[in-house]
Amino acid sequence: MKRQFPSYLVKAVELFIFIGFVQIFPFSSASAKSVPRFSPINAGPQDSLSALKNLFLKSATEFIRLKQWDRAIDAYKHYLEAFPAEKERIVKIIKILEAPDQGVTIENLGDSINTKYHEYYPVITTDNQSLYFTARHRPGGLGGEDVWVSHRTAKGWSKAVNLGPPINTEDHEGFMCLSADGLTAFLFGNYPDSYGKGDIFYSVYQKDGWSEVKNIGKPINSPDFEADAWFCSDGTTVFFVSDRPGGIGDYRPRDERFLQQEYNTDIYVSIKTDTGWCKPINLGERINTPYCERGPIFHADGRTLFFCSSGHPGLGDLDIFVAYKTGDSWTDWSEPENLGKEINTIYKDWGYSISLEGDEVYFASIREDGMGKSDLYRAKFSKKFTIPITMVTGKLRDRRGQMLDSVRLEWEDIEKFKQLGTAYTRPRGDYTIFLPAGRWYRYTATKKGYIFASRDIDLRREEKPKVNYDIELPKITPESVPFPPALLNVFFKLDSSELLPESKSELDRFLKLIRENPQWIKIEISGHTCDLGSDKHNKILSQSRAQAVVDYMVAQGESPDRFIAKGYGFEQPLYREFTDEARKRNRRVEFRVLELDTKSEN
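If you're wondering where the values come from, they're calculated on a predicted model, not measured in any experiment.

So, how was this worked out
Residues numbered from 1 in each chain as written. Predicted model: local features only at pLDDT ≥ 70, side-chain atom pairs only at ≥ 80, totals over all residues. Heavy atoms only, no water. Core = buried A, V, L, I, M, F, W, Y, C linked by side-chain atoms within 4.5 Å. Buried < 20%, exposed > 50% of the residue type's maximum accessible area, 1.4 Å probe, protein only. Helix = DSSP H or I, 4+ residues; strand = E, 2+ residues; numbered from the N terminus. Contact = heavy atoms within 4.5 Å. Axes fitted to C-alpha atoms, helices over the stretch in contact; angles between N-to-C directions. Parallel < 35°, antiparallel > 145°, perpendicular 65-115°, else oblique. Left-handed = near helix turned anticlockwise from the far one by under 90°. Nonpolar A, V, L, I, M, F, W, Y, C, P; charged D, E, K, R; others polar. Pairing = 2+ DSSP bridges. Phe/Tyr/Trp six-rings, centres within 6.5 Å; stacked < 30°, edge-to-face > 60°. Lys NZ or Arg CZ within 6 Å of the ring centre and 35° of its normal.

> Which parts of the structure should I look at to understand the nonpolar core?
Taken as a class, soluble globular proteins show a tendency for nonpolar side chains to be buried jointly. Residues Phe239, Leu283, Leu339, Tyr352 and Val361 are the most contacted members of the largest nonpolar core, which totals 64 residues. Examining the composition of this core, we find that 5 residues originate from one element, strand E19 (residues 319-324), more than from any other. Among the nonpolar cores identified, the runner-up in size contains 28 residues, and Ala486, Leu513, Ile525 and Ala546 belong to it.

Written out as structure tokens, the structure reads:
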């Protein structure tokens, strides 16, 4: 009787003929020893299938390492013929390999940063001028894993220096991210008040340096493993990973002895409210898999998520992916897209950072041009993965020119009446916030004991990579009465005194301020116009607009006797130019305190 061999053995022979047995194993001798030895005729079906899968995948993996894309594609096609049940995953891998080159340039960051030891988890600052990273057992460290920093100079990166205590200790620490305003560092470690197998901590930069490290607390941290925190540019949202029960797939806690494929970590998000962090939300099955997801980065554009995964189809242990938020829910995401064969390798590609422009990736990798173990690299893409961002910078001063630190900055989408983010001025009084293109924003500066200030910025029609606005906050003191005029950032219908809905948040903010200062017993609300129109018309229009603001306050329960409405027309312009921008700024409503109740305890 003629013996019939199983189809998978036939496919294996075809693979041998196609590739050549010797070329299946162009590994180092150490790698070759890891390939299972088996006798397909005498072995059981499951053992043979498992070993054959290993054989196919080892060959494809080696061709990927050698960047022999066509041969890797052919190897996967043979694999697909032998194991059609895995079609969905293999087809996606083949698609990654077939994709045309993206014009990615990759450079090693050099010996000012890299050594023969392990360097990983780079964090580039929003201004691209400083790079924080983690290194293991690097000379000059305090022990274990430490955090280091290098600064960009005219000649390249400066020699990296150890960040020192209190962030670094004799144990293991990792730098996960830096808040957009540069004031809060998020860290991974087992500091004294750790809950479990590794927690998320933070340190705040102050005038005398970094503060003592504190645990971010529950419900973000737990007795399980938490890491990879990403603090978003809105100042209220944090992404992180955890192996806590209740994730996508079976509960398989992280163990240092396991590969990424053998434990299950998911990405979560939590929002900070007035009462603390809310219950973490799992990003759902579109992002998370029953395997390992790590390293979430939610870009300042408010829609783009980068992350690593061993569960989505990829080329190595952990590949980098990008997905886009498609709805209001934190589980609404597009299909994740692999960043491609030019940046993802057969190894772990994780611990990375994305530039604000969205076309540069700083990452750690083990590559043949490295200086030892894992090195830090910079990859430049020919395309951008994100939408344009406007960086708004400036300084906060009082009327005497004194810089103000710890001023709270809030920004909102004027048209959607939605609060979007919060930040604070740094110790030197400067600030930075990030606004995605395509919206109309108002941002407001507040500090106790000062009159708030606000302004709007319209990015619906014009992209502005960077703008600078200095802000002045008048201090509230009896000696400063009458107060200098302060802007009320309100909006009216064209050539009308009808307040637009976009004015409500500003009016409510003003209402809150005057209720916090009942000693202000006489407040002038003044209206102003630009030069267009007759003097008589402008006087009437500015008077009616000032009165509309007073009417809003009275409708909220304030006494009409507390206010004086006055229209100035074009008598007090801020700008004497006759450009569109100057006219826009001259059309305004202001308030100033004319009289204080000197008997009031406030």
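Let's pick the thread back up.
> How should I be thinking about the environment of Phe186 in this particular structure?
Position of Phe186 relative to the elements: it lies in strand E8 (residues 184-189). On the basis of relative accessible area, Phe186 is assigned to the buried category, the value being 3%. Between the alpha carbons of Phe186 and Phe452 there is a distance of 30 Å; along the sequence they are 266 residues apart. Filtering out sequence-adjacent residues up to four positions away, Phe186 remains in contact with Gly174, Phe175, Met176, Cys177, Ile200, Phe201, Tyr202, Ile216, Ala229 and Phe231.

> Looking at this model, I keep getting lost on unusual backbone geometry. Mind explaining?
Where the residue is not glycine, phi is negative for most of them; where a peptide bond is considered, it is trans in most cases. Going from Pro165 to Pro166, the amide bond is cis rather than trans, its omega being 5 degrees. Mapped onto the secondary structure, Pro166 falls in the loop between strand E6 (161-162) and strand E7 (173-178). For Lys67, which is not glycine, the phi torsion reads 60 degrees and is therefore positive. By secondary structure assignment, the location of Lys67 is in the loop between helix H4 (45-65) and helix H5 (69-82). Its identity as a non-glycine residue notwithstanding, Ser406 has a phi of 60 degrees, on the positive side. Within the secondary structure, Ser406 sits in the loop between strand E24 (389-397) and strand E25 (408-413). Judged by relative accessible area, which is 46%, Ser406 ranks as partly exposed.

> Looking at this structure, how should I read the packing of H5 against helix H6 (residues 87-98)?
It is at 10 Å that the axes of H5 and H6 come closest, and there the two elements cross at 170 degrees. One element, H5, and the other, H6, form an angle in the roughly antiparallel class. Our pair here, H5 against H6, has a crossing hand that is left-handed. For the pair H5 and H6, the contacting residues are Trp69, Ala72, Ile73, Tyr76, Lys77, Tyr79 and Leu80 in the first and Lys87, Ile90, Val91, Ile93, Ile94, Leu97 and Glu98 in the second. Residue composition of the contact of H5 with H6, grouped by class: 11 nonpolar, no polar and 3 charged.

> Looking at this structure, I do not really get the sheet that holds strand E26 (residues 418-424). What am I missing?
Hydrogen bonds between backbone groups are what pair the strands of a sheet, and the pairing can be parallel or antiparallel. In space, the 4 strands of this open sheet follow the order E26-E25-E28-E29, with antiparallel pairing throughout. With one partner strand each, in any of the chains shown, E26 and strand E29 (453-458) form the two edges of the open sheet. On average, adjacent strands in this sheet sit at an angle of 20 degrees to one another, irrespective of strand direction. Packing of helix H7 (residues 504-516) onto the sheet brings it into contact with E25, strand E28 (440-446) and E29, and relative to E28 it is tilted by some 10 degrees.

> I keep staring at the environment of Leu55 and nothing clicks. Help me out?
The topology assignment puts Leu55 in helix H4. Sequence spacing of Leu55 and Tyr79 is 24 residues, and the spatial spacing of their C-alpha atoms is 9.6 Å.

> Help me understand the sheet that holds strand E33 (residues 520-528), please; the structure alone is not making it clear to me.
Pairing is mixed in the open sheet, where 4 strands are placed in the order E32-E35-E33-E34. At either end of the open sheet lies a strand with only one pairing partner, and these are strand E32 (486-488) and strand E34 (563-567). Taking the axes of each pair of neighbouring strands and ignoring which way they run, one obtains an average angle of 30 degrees across the sheet. Note: E33 against E34, 5 bridges, orientation parallel. Residue pairing for E34: Ser526 is matched across the bridge by Lys566. Strand contacts of helix H8 (residues 535-555): E32, E33, E34 and strand E35 (588-596), with the helix running at about 160 degrees to E34, the strand carrying the most contacts.

> In this structure, what is going on with the pairing of E35? I would like to understand it.
Consecutive side chains of a regular strand alternate in pointing toward one face of the sheet and then the other. Where E32 and E35 come together, 3 bridges link them in antiparallel fashion. Bridging from a neighbouring strand, Leu487 pairs with Glu590 of E35. Bridge analysis of E33 against E35 gives 8 bridges, and the strand direction is antiparallel. When the bridges of E35 are listed, Ser526 appears paired with Glu590.

> What am I meant to see in the packing of aromatic side chains here?
By convention here, two paired aromatic rings are described through the distance between centres and the angle between planes. Scanning the model with the defined rule gives 21 aromatic pairs in all. With a centroid separation of 4.8 Å and 65 degrees between ring planes, the pair formed by Tyr191 and Phe201 is classed as edge-to-face. With Tyr191 in the loop between E8 and strand E9 (199-206) and Phe201 in strand E9, this pair connects stretches of sequence that are 10 residues apart. Phe201 matches Tyr191 in its accessibility class, with the two residues each being buried. Here Tyr205 and Trp210 contribute two aromatic rings whose centre-to-centre distance is 5.1 Å and whose plane-to-plane angle is 70 degrees, an arrangement assigned as edge-to-face. In this structure Tyr205 comes out as partly exposed when scored by relative accessible area, which is 35%. With relative accessibility at 17%, the residue Trp210 sits in the buried group. Linked through ring pairs, Phe239, Phe298, Trp330 and Trp333 together constitute an aromatic cluster. Here the basic side chain of Lys218 rests over the ring of Tyr195, its NZ or CZ set 5.6 Å away from the ring centre.

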